[in-house]
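# Structural characterization, general
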Amino acid sequence: QVQLVESGGGLVQPGGSLRLSCAASGSVFSIIYMGWYRQAPGKQRELVATITNDGSTAYADSVKGRFTISRDNAKMTMYLQMNSLKPEDTAVYYCNLRRRVYSILEYWGQGTQVTVPS
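Here's a quick rundown of the structure. (Residues numbered from 1 in each chain as written. Predicted model: local features only at pLDDT ≥ 70, side-chain atom pairs only at ≥ 80, totals over all residues. Heavy atoms only, no water.)

### A few points about the sheet that holds strand β3 (residues 18-26)
We count it as follows: At least two DSSP bridges between two strands are needed for those strands to be called paired. Think of it this way: any DSSP run of H or I at least four residues long counts as a helix, any run of E at least two long counts as a strand, and we number them from the N terminus. Think of each axis as a best-fit line through the C-alpha atoms, taken over the contacting stretch in the case of a helix, with angles from 0 to 180 degrees between the N-to-C directions.
Strand order in the open sheet made by the four strands is β1-β3-β8-β7, with antiparallel pairing throughout. Edge positions in the sheet fall to β1 (2-7) and β7 (67-72), since each has one partner strand and no second. Looking at each pair of strands side by side, their axes are set apart by 15° on average, direction ignored. The pairing of β3 with strand β8 (residues 77-82) spans six bridges and is antiparallel. Note that in β8 the partner of alanine 23 across the bridge is threonine 77.

### Remarks on the packing of aromatic side chains
The cut-off we apply is this: Two aromatic rings, drawn from Phe, Tyr or Trp (for Trp, its six-membered ring), form a pair once their centres lie within 6.5 Å of each other, and the interplanar angle then sorts them: stacked below 30 degrees, edge-to-face above 60, tilted otherwise. Throughout, exposure labels follow a simple rule: accessible area from a 1.4 Å probe, protein chains only, divided by the maximum for the residue type, with under 20% read as buried, over 50% as exposed, and the rest as partly exposed. Cation placement over rings: the criterion is NZ of Lys or CZ of Arg within 6 Å of the ring centroid and within 35° of the ring normal.
Counted under the stated rule, the structure contains two aromatic pairs. Look at tyrosine 37 and tryptophan 108: their rings are 5.0 Å apart centre to centre, the planes differ by 70°, and that puts the pair in the edge-to-face class. Here tyrosine 37 is found in strand β4 (residues 31-39), whereas its partner tryptophan 108 is found in strand β10 (residues 103-108), with 71 residues between them in sequence. Its relative accessible area of 33% is what places tryptophan 108 among the partly exposed residues. Above the face of the tryptophan 108 ring, arginine 45 is positioned so that its terminal group lies 4.5 Å from the ring centre.

### With respect to unusual backbone geometry
Here the phi dihedral of methionine 76 falls at roughly 50°; this positive angle occurs in a residue that is not glycine. Structurally, methionine 76 can be placed in the loop between β7 and β8. Phi at serine 84 is positive, roughly 50°, even though this residue is not glycine. The residue serine 84 is located in the loop between β8 and β9 (91-101) in this model.

### Regarding the pattern of salt bridges
What counts here: We define a salt bridge as a contact between a side-chain nitrogen of Lys or Arg and a carboxyl oxygen of Asp or Glu at a distance within 4 Å.
Scanning all chains against the criterion turns up five salt bridges. We note a salt bridge from aspartate 89 to arginine 38, for which the minimum N-O separation is 3.0 Å. Pair noted here: aspartate 89 is in the loop between β8 and β9 and arginine 38 is in strand β4, with a separation of 51 residues, a long-range link. In this structure arginine 38 comes out as buried when scored by relative accessible area, which is 5%.

By themselves, these figures tell us nothing about what the structure is for.
Printed below as a string of structure tokens:
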């Protein structure tokens, strides 16, 4: 099993910054990638950014140039640096991890709220 614990959410004014963290523990091997998703009220969960084991990253168009995903393998922690935050970034942010053990297994954190008032 894998446990994911997010932290770092909060209330920030437009244009401000936040850094989210996701600490992974348990059976953290055979990882395909880790990523951040978000879900705003009344909307579907959407992909924000992903990072693979070799450090390759990918971002949603809406956050390119503002958000940076990174990973500290020694600490088994993933980060999301969010700059130039906008009201439309308001959502619950979830940490996601996928690993391959015969089949693909997927894990989610409990989520952390990010609020950017308009």
